[in-house]
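Residue-level structural notes
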Amino acid sequence: MTTAPTRRRHDREILALAVPAFGALVAEPLFLMADSAIVGHLGTAQLAGLGIASAGLTTATATFVFLAYATTAAVSRRIGAGDRRAAVQQGVDGIWLALLLSVGVVALMLLLAPWAATSLGASPTALPYAVTYLRISALGTPAMLLVLAATGVLRGLQDTRTPLLVAIGGFTANLLLNLGLVYGAGLGVAGSAWGTVLAQTAMAAVYVLVVVRGARREGAGLRPDPAGIRACARAGGPLMVRTMSLRGVLLVATAVAARLGDTAVAAHQIAMALWGFLAFALDAIAIAGQAIIGRHLGAGDVPGTRAATRRMVEWGIGAGVLLGLLVVLARPLYVPLFTPDPLVQQQLSQVLLLAALTQPVGGVVFVLDGVLMGAGDGPYLARAMLATLAVFAPVAWAVPVLGGGLTALWWAMNLFMLVRAAFLAVRARGGRWLVTGAVRT
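Residues numbered from 1 in each chain as written. Predicted model: local features only at pLDDT ≥ 70, side-chain atom pairs only at ≥ 80, totals over all residues. Heavy atoms only, no water.

Here the focus is the overall build of the protein chain. Counting secondary structure elements, the protein chain contains 17 helices and zero strands. Relative to the 2.2 N^0.38 estimate, which gives 22 Å for 441 residues, the radius of gyration of the protein chain is 21 Å and therefore close to what a compact globule would have. Here the protein chain, with 441 residues, has 57% of them falling under the buried criterion. Intrachain contacts of the protein chain at a sequence separation of at least 6 include 85% that bridge at least 24 residues. (Helix = DSSP H or I, 4+ residues; strand = E, 2+ residues; numbered from the N terminus. Rg over C-alpha atoms; globule rule 2.2 N^0.38 Å. Buried < 20%, exposed > 50% of the residue type's maximum accessible area, 1.4 Å probe, protein only. Contact = heavy atoms within 4.5 Å.)

Below, the discussion takes up the environment of Met244. Tracing the sequence through the fold places Met244 in helix H10 (residues 226-258). Placed 95 residues apart in sequence, Met244 and Thr339 show a C-alpha to C-alpha distance of 30 Å.

A word on the packing of helix H13 (residues 331-338) against helix H14 (residues 342-357). Two elements in contact, H13 and H14, have axes whose closest approach is 10 Å; the angle formed by their N-to-C orientations is 135°. Judged on the interaxial angle alone, H14 and H13 are oblique. Crossing of H13 over H14 shows right-handed handedness. Every residue of H14 that contacts H13 at Arg331, Tyr334, Val335 and Pro336 is listed here: Gln345, Leu348, Ser349, Leu352 and Leu353. Across the contact of H13 with H14, the residue classes break down as six nonpolar, two polar and one charged. (Axes fitted to C-alpha atoms, helices over the stretch in contact; angles between N-to-C directions. Parallel < 35°, antiparallel > 145°, perpendicular 65-115°, else oblique. Left-handed = near helix turned anticlockwise from the far one by under 90°. Nonpolar A, V, L, I, M, F, W, Y, C, P; charged D, E, K, R; others polar.)

A cluster of nonpolar side chains, Leu108, Leu111, Leu112 and Trp115, forms an exposed patch at the surface whose accessible area comes to about 460 Å². When you line up the elements, Leu108 lands in helix H5 (residues 84-119). (Patch = residues over 30% accessible without salt bridge, like charges linked within 9 Å, V, L, I, M, F, W, Y side chains within 5 Å. Areas by Shrake-Rupley, 256 points an atom, 1.4 Å probe, with all protein chains shown as cover. Salt bridge = Lys/Arg side-chain N within 4 Å of Asp/Glu carboxyl O.)

One finds Leu67, Trp275, Phe392 and Trp410 to be the most contacted residues of the largest nonpolar core, which totals 140 residues. With 21 residues, the top contributor of residues to this core is helix H11 (residues 262-298). (Core = buried A, V, L, I, M, F, W, Y, C linked by side-chain atoms within 4.5 Å.)

On average, residues of the protein chain score 85 in pLDDT, and 97% of them reach the 70 mark or higher. Per-element confidence in the protein chain ranges from a low mean pLDDT of 73 for helix H2 (residues 27-40) to a high of 94 for helix H16 (residues 378-401). (pLDDT = per-residue confidence, 0-100.)

Moving on, we come to the environment of Ala307. Topologically, Ala307 is positioned in helix H12 (residues 302-329). For the pair Ala307 and Met240, spaced 67 residues apart in the sequence, the C-alpha separation amounts to 28 Å.

Another point: unusual backbone geometry. In this structure, Gln158 takes a positive phi of about 70° despite not being glycine. A relative accessible area of 22% places Gln158 in the partly exposed class.

Mapped onto the elements of the fold, Asn178 is located in helix H8 (residues 161-184). Excluding residues within four positions of it along the chain, Asn178 makes contact with Asp35, Ile38, Tyr183, Gly191, Ser192, Gly195 and Thr196.

A few words on helix H4 (residues 66-80). Residue pairs spaced three or four apart in an α-helix point in one direction, given the helix's 3.6 residues per turn. In this model H4 runs 21 Å from its N-terminal to its C-terminal C-alpha over 15 residues, within 8% of the 21 Å that 1.5 Å per residue would give. Taking burial as the measure, the 15 residues of H4 include 13 buried ones, the bulk of the element. Backbone geometry just after H4 places Gly82 at a positive phi near 85°. (Expected span 1.5 Å × (residues − 1).)

Per the counting criterion, the structure on display carries six salt bridges. Connected through shared salt-bridge partners, Arg242, Asp369 and Arg420 make up one network.

What follows covers a positive patch on the surface. On the surface, Arg7, Arg8, Arg9 and Arg12 cluster together into a patch of positive charge. Of note, Arg8 is situated in helix H1 (residues 4-25). What makes Arg8 partly exposed here is its relative accessible area of 46%. (Lys, Arg positive; Asp, Glu negative; His and termini not counted. Charge placed at Lys NZ, Arg CZ, Asp CG, Glu CD.)

Turning to its location among the elements, Leu165 is positioned in helix H8. Spatially, the C-alpha atoms of Leu165 and Leu67 are 20 Å apart, while their sequence positions differ by 98 residues.

Attention now goes to the packing of H10 against H11. As a packed pair, H10 and H11 sit with axes 8 Å apart at the nearest point and diverge in direction by 155°. Regarding the angle of H10 to H11, the classification is roughly antiparallel. The two elements H10 and H11 meet at a crossing, and its hand is right-handed. Here Leu250, Ala253, Thr254, Ala257 and Ala258 of H10 come into contact with H11, specifically with Ala264, Val265, His268, Met272 and Trp275. A per-class count over the contact of H10 with H11 returns eight nonpolar, two polar and no charged.

Encoded structure:
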């Protein structure tokens, strides 16, 4: 039984990490929401092109989000075991891995942009805008991968304030650059892409400075260590599979929406941007979970791990209820900001009701996902997400075949969240993920 003082201690720790993490986590969806609002006033075809491009671009970048997740878990374990220098060194190895991976990612994105946009179902009117945005935004990929890895280092060190400050600066720069380049310079969709690339690059430069200073202070090396880089890649492999499966779900949803017409995919793009914002808001508690759980397990504290997990799940459910209510009640205020098209507004309002229904479930999903990541339980997360994709994909593809619309697609999205929650809850109730020590073996 968790006592009131223990709950209060967990609450303080969760808040201290989760509140700053929220600001940092929502930076990327805020980028997309700002881009959607700015580009949406250029026209429906431009917004549809942005929707297709963002799905492809986010997939390419999010595939490597393990650079943040695996690094957070590994670094926090070292912190729990009392070895700060080794923790920072592991983080530096993760940053070098990010830079190496980004070279191939940029080349592939530049080469495959037309194929990717077509595969995602871009219409002839939306295709040129999608390709333009993809190719320009690809140049910001190295910066985004570096940001992911460096953010993981700081989270593992129990520092979520620095990522918050960087995110605030990045979002502000992105908004101002987009407005200036899209409208002031008249660059249209290309201006939106360039604005985001420049903002991402500035964020990466700040992170490099922070990590280098930290490494020198702890006496950690800055040169690439092949053995350390390989260890980071091995630890991140299962999480990469997990993330690719998750992105597979979102890509299938975008591809199905695209086949329902430009109006549907435009509404879907805005809904996904808002859904991503809500997901990252809930994931702030999960980020706290990654850092807290890794530290507890590194110190060999299994009862503390269990108690922290229970409390974070309670926080997740409560936050989900509040977010769901906010989505429903505030629709008249924010829907017109994204598009003047009444047909897009109508479809968007309908699917947002469905998205609001599963926010409490999402609270459980994101918290338990973060807890298991903090424990280094990547192989299970990979298997669970592959199974969830196998359930969701045929249901989603059946929507256009059976004559369903965007609302039917979002019912399938709700099914995806319920199945995912079931897999995570079953694992969390067991004990096989509770592996203690400075390194998970």
